[in-house]
Amino acid sequence: MKFLSEYRNPGLVRQYIDEIHKITTKDWAIMEVCGGQTHSLVKNGILDLLPAKVRMIHGPGCPVCVTPLHLIDHAVHLAGQKEVILCSFGDMLRVPGSKKSLLQAKAEGADVRILYSPLEAVALARENPGREVVFFAVGFETTAPANALSVVQAAEQRLSNYSILTSHVLVPPAIEAVMNDEAAQIQGFLAAGHVCTVMGTQEYDPIAEKYKVPIVVTGFEPVDLLQGILMTVRQLESGRHEIENQYSRVVKREGNPGAQQVMQRVFEVRDREWRGIGNIPMSGYEVREEYAAYDAKRKFEAPTERAPESELCMAGQVLKGIIKPQQCPQFGKGCTPSTPLGAPMVSSEGACAAYYHFYQE
Amino acid sequence: MENKKSPLNWECPLPELDFDVITLGHGSGGLLTNKLLDSGVFDLLSNEYLDKRHDGAILPGGLAFSTDSFVVSPIFFPGGNIGELAINGTVNDLAMCGAIPKYLSLSFILEEGLPVAKFWDVLVSIRKACAIAGVPVVTGDTKVVERGKGDQIFINTTGIGQVHPRARIDPQRVGAGDVLLLSGNLAAHGIAILSVREGLSFESDILSDTRSLHRVVGGLLDRFGEGIKLFRDPTRGGVATALNEIARDTRLGVEIRQDDLPIDEQVNSACEILGLDPLYVANEGIFLAWVDPAIAGDCLAWLRQTEEGSQAAIIGEMVPEHPGKVILQSSIGGRRVVNMLPGEQLPRIC
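Once that is clear, we can look at the overall build of chain B. Helices and strands together make up the secondary structure of chain B, namely eight helices and 14 strands. In terms of overall size, chain B behaves like a compact globule, its C-alpha atoms giving a radius of gyration of 20 Å where 350 residues would be expected to give roughly 20 Å. For chain B, the C-alpha atoms occupy an extent of roughly 60 × 55 × 50 Å along the three principal directions. Across the 350 residues that make up chain B, the buried fraction comes to 52%. Partitioning the contacts of chain B with sequence separation of at least 6, the portion at a separation of at least 24 is 83%. The averaged location of the 45 negative side-chain charges in chain B is 4 Å from the averaged location of its 30 positive side-chain charges.

Residues and elements named next belong to chain B. As summarised here, the arrangement of the seven strands in space is β9-β11-β8-β12-β10-β13-β14, forming an open sheet in which the pairing is mixed. At either end of the open sheet lies a strand with only one pairing partner, and these are β9 (228-232) and β14 (335-337). Across the sheet, the mean angle separating the axes of adjacent strands is 25° when strand polarity is ignored. As judged from the four bridges shared by strand β8 (residues 179-182) and strand β12 (residues 313-319), these two strands associate in the antiparallel manner. Bridge pairing in β12 places Leu181 opposite Ile314.

Take the sheet that holds strand β7 (residues 153-163) of chain B next. All names here are of chain B. In space, the five strands of this open sheet follow the order β1-β2-β7-β5-β6, with mixed pairing throughout. The open sheet is flanked by β1 (57-59) and β6 (137-145), the only strands paired with a single partner. Neighbour-to-neighbour, the strand axes of this sheet turn through a mean angle of 20°, independent of strand direction. Relative to β7, strand β2 (residues 63-70) runs antiparallel, the two sharing eight bridges. Paired with Phe70 across the two strands is Ile155, which belongs to β7. Strands β2, β5 (99-111), β6 and β7 of the sheet are contacted by helix α2 (residues 82-96), whose axis makes an angle of about 150° with β2. In the packing of helix α3 (residues 116-133) onto the sheet, contacts are made with β5, β6 and β7, and the angle to β5 comes to roughly 175°.

We now examine unusual backbone geometry. Note that the residue after B:Ser73, namely B:Pro74, is joined by a cis bond; omega there is 0°. Inspection of the secondary structure puts B:Pro74 in the loop between β2 and β3 (76-77).

All names here are of chain B. In terms of domains, chain B is made up of domain 1 (57-163) and domain 2 (171-337). Taken over C-alpha atoms, the centre of domain 1 sits 23 Å from the centre of domain 2. Opposite the 20 residues of domain 1 that make contact, domain 2 presents 22 residues. Here domain 1 packs against domain 2, burying approximately 1700 Å² in sum over the two surfaces, 62% of which is carbon and sulfur. On the domain 1 side of the interface with domain 2, the three residues burying the most area are Pro78, Asn92 and Met96, jointly 34% of the side's total. Viewed at the interface, domain 2 and domain 1 are joined by seven residue pairs in polar contact (both at pLDDT 80 or more). Taken together, the elements giving at least two residues each to the side of domain 1 that touches domain 2 come down to α2 and α3. Top contributing element to the side of domain 1 that touches domain 2 by residue count: α2, with eight residues.

Two quantities define a packed helix pair, namely the angle between the axes and the distance from one axis to the other. Residues and elements named next belong to chain A. Taken N-terminus to C-terminus, the directions of helix α2 (residues 35-43) and helix α11 (residues 222-237) make an angle of 105°; their axes are 10 Å apart at the nearest point. Here α11 runs roughly perpendicular to α2, going by the angle between their axes. Where α2 abuts α11, its residues Gln37, Ser40 and Leu41 lie against Pro222, Leu225 and Ile229. Here the contact of α2 with α11 is built from residues that sort into four nonpolar, two polar and no charged.

Glancing now at the packing of aromatic side chains. In total, this model carries seven aromatic pairs over all chains according to the counting rule given. Seen from their ring centres, B:Phe108 and B:Phe119 are 5.0 Å apart, and the 75° between their planes marks the pair as edge-to-face. Of the two residues, B:Phe108 sits in strand β5 while B:Phe119 sits in helix α3, which places them eleven residues apart along the sequence. Assessed through its relative accessible area of 4%, B:Phe108 is described here as buried. In this structure, A:Arg249 packs its charged tip against the face of A:Tyr7, placed 3.5 Å from the ring centre.

Moving on, we get to the nonpolar core. Of all hydrophobic cores here, the largest spans 90 residues; its most connected members are A:Leu102, A:Tyr162 and A:Phe189. Counting residues in each nonpolar core, the second largest holds 68 residues, with B:Val163, B:Ala247, B:Val254 and B:Ala312 among its members.

This brings us to the interface of chain B and chain A. One widely used convention gives an interface's size as the accessible area the parts lose upon coming together. Each side of the interface is counted separately: chain B has 39 residues, and chain A has 43 residues. Between chain B and chain A, a total of about 3300 Å² is buried, with carbon and sulfur atoms accounting for 59% of that surface. Taken together, the links from chain B to chain A amount to one salt bridge. Where B:Glu272 meets A:Arg8, a salt bridge forms, and the shortest distance between an N and an O atom there is 2.7 Å. Here chain B and chain A share seven residue pairs in polar contact (both at pLDDT 80 or more) between them. The set of elements that each furnish at least two residues to the side of chain B that touches chain A consists of α1 (31-45), α7 (265-274) and β14 of chain B. Per-element tally for the side of chain B that touches chain A: the top contributor is α7(B), with six residues. Per-class residue counts for the side of chain B that touches chain A are 16 nonpolar, twelve polar and eleven charged.

This part takes up the packing of helix α5 (residues 214-224) of chain B against helix α8 (residues 296-305) of chain B. Residues and elements named next belong to chain B. Two elements in contact, α5 and α8, have axes whose closest approach is 11 Å; the angle formed by their N-to-C orientations is 140°. Of the possible angle classes, the one that applies to α5 and α8 is oblique. Viewed along their axes, α5 and α8 form a crossing whose handedness is right-handed. Each of Val216, Gly219, Leu220, Arg223 and Phe224 in α5 lies in contact with α8, whose residues at this interface are Asp298, Cys299, Trp302 and Leu303. Among the residues forming the contact of α5 with α8, the class breakdown is six nonpolar, one polar and two charged.

Among the structural elements, A:Lys320 can be located in the loop between α14 (315-319) and α15 (351-358). Residues in contact with A:Lys320, not counting those within four places in the same chain, are A:Met31, A:Val178, A:Asp181, A:Ala184 and A:Ile277.

It is worth spelling out the pairing of strand β8 (residues 215-218) of chain A at this point. Residues and elements named next belong to chain A. Judged by which residues are buried, β8 turns out to be covered on both faces: Ile215 and Val217 on one side and Val216 and Thr218 on the other are all buried. Pairing geometry for strand β7 (residues 188-192) and β8, over four bridges, is parallel. Bridging from a neighbouring strand, Ala192 pairs with Thr218 of β8. Inspection of the sheet shows β8 paired to strand β9 (residues 243-245) by three bridges, in the parallel sense. Looking at β9, one finds that Val217 is bridged to Asn245. Regarding the hand of the β-α-β motif, the stretch spanning β8, α11 and β9 is left-handed.

Basis of the calculations
Residues numbered from 1 in each chain as written. Chains lettered and ligands numbered in written order. Predicted model: local features only at pLDDT ≥ 70, side-chain atom pairs only at ≥ 80, totals over all residues. Heavy atoms only, no water. Helix = DSSP H or I, 4+ residues; strand = E, 2+ residues; numbered from the N terminus. Rg over C-alpha atoms; globule rule 2.2 N^0.38 Å. Buried < 20%, exposed > 50% of the residue type's maximum accessible area, 1.4 Å probe, protein only. Contact = heavy atoms within 4.5 Å. Lys, Arg positive; Asp, Glu negative; His and termini not counted. Charge placed at Lys NZ, Arg CZ, Asp CG, Glu CD. Pairing = 2+ DSSP bridges. Axes fitted to C-alpha atoms, helices over the stretch in contact; angles between N-to-C directions. Domains from an automatic or database assignment. Buried area = accessible area lost by both parts, 1.4 Å probe. Polar contact = N/O pair within 3.5 Å; in protein donor to acceptor, adjacent residues only side chain to side chain. Parallel < 35°, antiparallel > 145°, perpendicular 65-115°, else oblique. Nonpolar A, V, L, I, M, F, W, Y, C, P; charged D, E, K, R; others polar. Phe/Tyr/Trp six-rings, centres within 6.5 Å; stacked < 30°, edge-to-face > 60°. Lys NZ or Arg CZ within 6 Å of the ring centre and 35° of its normal. Core = buried A, V, L, I, M, F, W, Y, C linked by side-chain atoms within 4.5 Å. Salt bridge = Lys/Arg side-chain N within 4 Å of Asp/Glu carboxyl O. Left-handed = near helix turned anticlockwise from the far one by under 90°. Right-handed = clockwise from strand over helix to strand, strands pointing away.

Structure representation (structure tokens):
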């Protein structure tokens, strides 16, 4: 596959691994922020090829995993309404709410549909004027532009039966939250390549400076990840803390201004609860007042009760990189992909799922 | 009154389960399907034929017997439709028993409101598939359900076949060192279906691989006989699920190499975009064969000359290490477990 096989080249992989082994002299803890990176590391067997001194810590960059329980309950509740067609990305369906997941709601008769793009949900609203179409708008900065665009399109088409249930989180505040947590002890970051495609790299400058920590914007293929790790280790070994861009074939310093514009038009930055982690100031997007008619949180009532989280699930500590998935006593026992206690066990970007599916004891 | 166990008590308590509703995942062929069947279905109906858990049963007198139901949506898809799928599916299940298919039954459940023209199109392609396979439909049934109680057409086919005189297909004959052959490119059927599903549709030339496999299987048995230990067609749940089932049943390990897995470039790209692992995507026109290492090379060479097997490859072997587990050697030299999937593969977020 052109533009992919080059980044899976075994010879190049070997070269990078050798180079990382050669230059590493001290113990380093590096966090890959994005769950997609975690999966690639585990799925390709890269973790076992790295020197023991280079420890990869899996970050909070799985939007499905940090979507608060009460929002999932809200989505399940909406899906249960007869007039509602609830649309979602596939990953969200298995995530357990306090009583059930969207997949279970679907099995019980709810009209839940898996879509690839929120723009298809707008089309669905147009074709079903008698129904309420709600799109569960989950994601980091990566999916925000398309979700915002769906609201703009619905407004332009004067659709009154389309809304989004937003669960949007932002990466830079999460990195700060991890750095402020003393238990985490992270020395370098691989920033999420696709988030930076939209946002650019500028917003990471103050973080690198404030915490004296190298941040390397990194892609998702084996060669990308190893090059990103090599660049981070090089910085750490030489005492630098800069923003570097490994993923320059996709990421520009200013990001994608068109995408940023549409996001800013529809969303505003607000405080946000992260499942398993807690409240992080100014770390999420909510729909602006001007588009209130397209905000499912304003349009529909939420279930009044807020259920507590499972006491057994240690997802928060996994998401902050304090423990590895298999260090959780429930891992693979009380918690499996078919009986999940928390979201990281079922999301396609969840660290627990990556270890459960791909890692050998 | 106390409920005493006696041969005359036909009550069976519902087994202890960690699910109380059937979800789509229970039909995915993966872990949930196995959980459902293991929860009591096999115990409840246990007998020497069923307990083998093969694609079909081998009965006294060298008869093979198999049944399958088809509920694919949409019923017309690139490269085929539910009709030829139903014929080829049961023909192939019999072939996987090492049998030559002889007779088929065909049973429809039609939904009220189905245009007769569609039904006719399906029937015509059934006739064509039967002609190509050389197997007649000899009995059948038709039922109609109310609108909304079905999805246009559901089909069940059942088949009887005669076991090939040289076939000795049995998972218990599979041993460490046996070589794993895959007869063609993987994942085409599942991706062809996905490409026309509502909400996911994308443009591609990917066609379902649905086809009958009994001729090529018969050809292998003519030439290599008992050197072939086992056949499996990796339909729903894909190659990964079939390999995991055999690893479990043989208590051996399976080693496969990512680089040796045959896959069409377009299918591979679609999997990348959709975030799906081709190893779990359904196939309808390829099979896995476990063969004696001494004949593996000849088997492959012969297969490659056939139309059905032109893309065949040796993808791995059985090993005594890690019993019950499937391990994949990744293209870049890492190793990982290939597990049975807990439910359906769902397209990812970004």
